[in-house]
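# Summary of the model geometry
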Amino acid sequence: MNAIRTSRVRTVVAVGCVLALAGPAWAGAADKAAAFAAEGDGLLGKADFEGALKAYAQAAKADSQNPDYRQQYAVLRRIIKMRQSVDKEANPEKWAGIVRGLRAFYYDRDIYPEALALDQKVHAKTGTPESASALAQSQLQMGLNAEAAATLSSIDETAATPESRVLLGIALARQGDIDQAKAVAAKIEIPKGTPPILFYNTACLHALIGDSDSAMTLLTRCFENTPPSRLDNIKERAKTDEDLTTLVASADFADVLETKSKVKESSCSGGTSCGGCPSRSKCASAKSKTDKAHK
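Nothing here was measured: the structure is a model prediction, and the numbers come from that model.

## Some words on the overall build of the protein chain
A count of helical and extended segments in the protein chain gives 15 helices and zero strands. For the protein chain, buried positions account for 37% of its 295 residues. A separation of at least 24 residues holds for 56% of the contacts in the protein chain among residues at least 6 apart in sequence. For the protein chain, the accessible area works out to roughly 17,000 Å², and carbon and sulfur atoms hold 54% of it.

Below is the structure:
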């Protein structure tokens, strides 16, 4: 009886020693993987897509138990393929899908120079009010306010959209033309089904022209219509957005930041739609939605 008990004690001690040794090693692997992932993020911010892909691959290899690193690698690999095919794709619908996916990725990762280059190509090819608005948005992100105003002024007034008017107002206000920006703001009517970004940009416009009350209301609407998984990001952006500087110091702004999302998210990506997801063509959820739409 004592021999059996002694044997069990030895086994437990041995297992404990192995786990104790494995613990630091595992922590080291996780730290190493995190360092590779951070390197990948940095390279991606510099638009070094191939370098970032290698870094994410190293992260996934260093910590094979973390699915996030594999996902980062898979998404970026698909993005690189999309970048290679965007200038070659002859099918208009497929080309438009590639453009949407790339632009969504660039904006999600704050790679605005690449978004600007893409928008310039698209606007040169299509020349629509929508492509002009997209180009102007990227120009504004890059601080090219005069260029954005010129791009938006090229849109015929009959073809102007709420989005294009808002962006024009922002471009004008940033250049100090407050009166004209106010005139533009007065013409803006926000339609039903407005996406969060339009509420956000309109809030920026009203903050720039000194209409703080309207800006707060619009920012609240933006947060209410933003999916929960993206809400923290947009709130952090609002805190540091130079267009909203006049609001940040007020107590009302702190109250607005407490706004909860009213959006019910899908379980697959944390979004309400698969439209802008680079992986939507391989996503079971997206295919299921498509199949239901055709029935």
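## With respect to the packing of helix H7 (residues 145–153) against helix H8 (residues 162–174)
Where H7 contacts H8, the axes come no closer than 9 Å and their chain directions differ by 145°. As H7 runs across H8, the sense of the crossing is left-handed. Side by side, H7 and H8 meet where Asn-145, Ala-148, Ala-149, Leu-152 and Ser-153 of the first sit next to Ser-164, Leu-167, Leu-168, Ala-171 and Arg-174 of the second. By residue class, the composition of the contact of H7 with H8 is six nonpolar, three polar and one charged.

## Re the packing of aromatic side chains
Each aromatic ring pair is specified by the distance between its two centres and by the angle formed by the two planes. Per the stated rule, a full pass over the model turns up two aromatic pairs. Between Phe-49 and Tyr-106, the ring centres sit 6.2 Å apart and the planes meet at 55°, which makes this aromatic pair tilted. With a gap of 57 residues between them, Phe-49 in helix H2 (residues 49–62) and Tyr-106 in helix H4 (residues 92–108) connect regions that are remote in the sequence. For the pair Phe-49 and Tyr-106, a shared accessibility class is recorded, and that class is buried. Centroid distance Tyr-107 to Tyr-112: 5.1 Å. Interplanar angle 75°. Geometry classified as edge-to-face. A residue is classified by how much of its surface remains accessible, and Tyr-112, at 15% relative accessible area, is buried. The cationic tip of Lys-125 hangs over the ring face of Trp-95; the distance from NZ or CZ to the ring centre is 4.0 Å. It is Lys-235 that lies over the ring of Phe-223; its NZ or CZ is 5.6 Å from the centre.

## With respect to the nonpolar core
Counting 41 residues, the largest nonpolar core has Tyr-200, Leu-205, Leu-219, Phe-223, Leu-244, Leu-247 and Phe-253 as the members making the most contacts within it. Listed by contribution, the elements that provide at least two residues to this core are helix H6 (129–141), H7, H8, helix H9 (178–186), helix H10 (196–208), helix H11 (212–224), helix H12 (228–240) and helix H14 (251–256). Leaving out residues up to four positions away in the same chain, Leu-205 has contacts with Val-166, Gly-169, Ile-170, Ala-181, Ala-185 and Ile-188. If you look at the next biggest cluster of nonpolar residues, it comprises 23 residues, including Leu-43, Ile-79, Trp-95 and Tyr-107.

## Things to note about the layout of surface pockets
Space inside the second largest pocket adds up to approximately 350 Å³. Considering the residues around the second largest pocket, the lining is formed by 15 residues, among which Gln-141, Arg-174, Arg-237, Asp-241 and Asp-243 are closest to the centre. Here the lining of the second largest pocket is composed, by residue class, of five nonpolar, five polar and five charged.

Parameters at a glance
- Position labels on residues start from 1 in each chain and follow its written sequence.
- Given that the model is predicted, a residue must reach a pLDDT of at least 70 before its local features are reported, and side-chain atom pairs must reach 80 or more before they are shown or counted; all residues, however, enter totals for whole chains, interfaces and linings.
- Hydrogens are left out, water is left out, and the side-chain values use all remaining heavy atoms of the structure.
- A run of H or I in DSSP becomes a helix once it reaches four residues, and a run of E becomes a strand once it reaches two; helices and strands are each numbered from the N terminus.
- Three labels apply to residues, based on accessible area from a 1.4 Å probe with only protein chains included: buried if under 20% of the type maximum, exposed if over 50%, partly exposed otherwise in between.
- Note on definitions: a residue-residue contact is assigned when non-hydrogen atoms from the two residues lie within 4.5 Å.
- Residue burial considers only the protein chains on display, and all accessible areas are found by Shrake-Rupley using a 1.4 Å probe.
- Note on geometry: axes are C-alpha line fits, over the in-contact stretch for helices, and angles between N-to-C directions span 0 to 180 degrees.
- The crossing is said to be left-handed when, going from far helix to near helix, the turn is anticlockwise and less than a right angle, and right-handed when the turn is clockwise.
- Just so you know the grouping, Ala, Val, Leu, Ile, Met, Phe, Trp, Tyr, Cys and Pro go in nonpolar, Asp, Glu, Lys and Arg go in charged, and all remaining residues, Gly too, go in polar.
- Stacked, edge-to-face and tilted labels apply to pairs of Phe, Tyr and Trp rings (six-membered ring for Trp) whose centres lie within 6.5 Å, assigned for plane angles under 30 degrees, over 60, and everything in between, in that order.
- Geometrically, a charge over a ring is one whose NZ (Lys) or CZ (Arg) sits within 6 Å of the ring centre while staying within 35 degrees of the ring normal.
- Throughout, nonpolar core names a set of buried Ala, Val, Leu, Ile, Met, Phe, Trp, Tyr and Cys residues whose side chains join them through atoms within 4.5 Å.
- Cavities and pockets are defined on a 1 Å grid built over the protein atoms alone: a cavity is a set of grid points where a 1.4 Å probe fits but cannot escape, while a pocket is an open set with protein on both sides within 12 Å along at least five of seven lines, and lining residues are those with an atom within 4 Å of any such point.
- Grid points are joined across faces, edges and corners, and a volume is the space filled by probe spheres set on the points.

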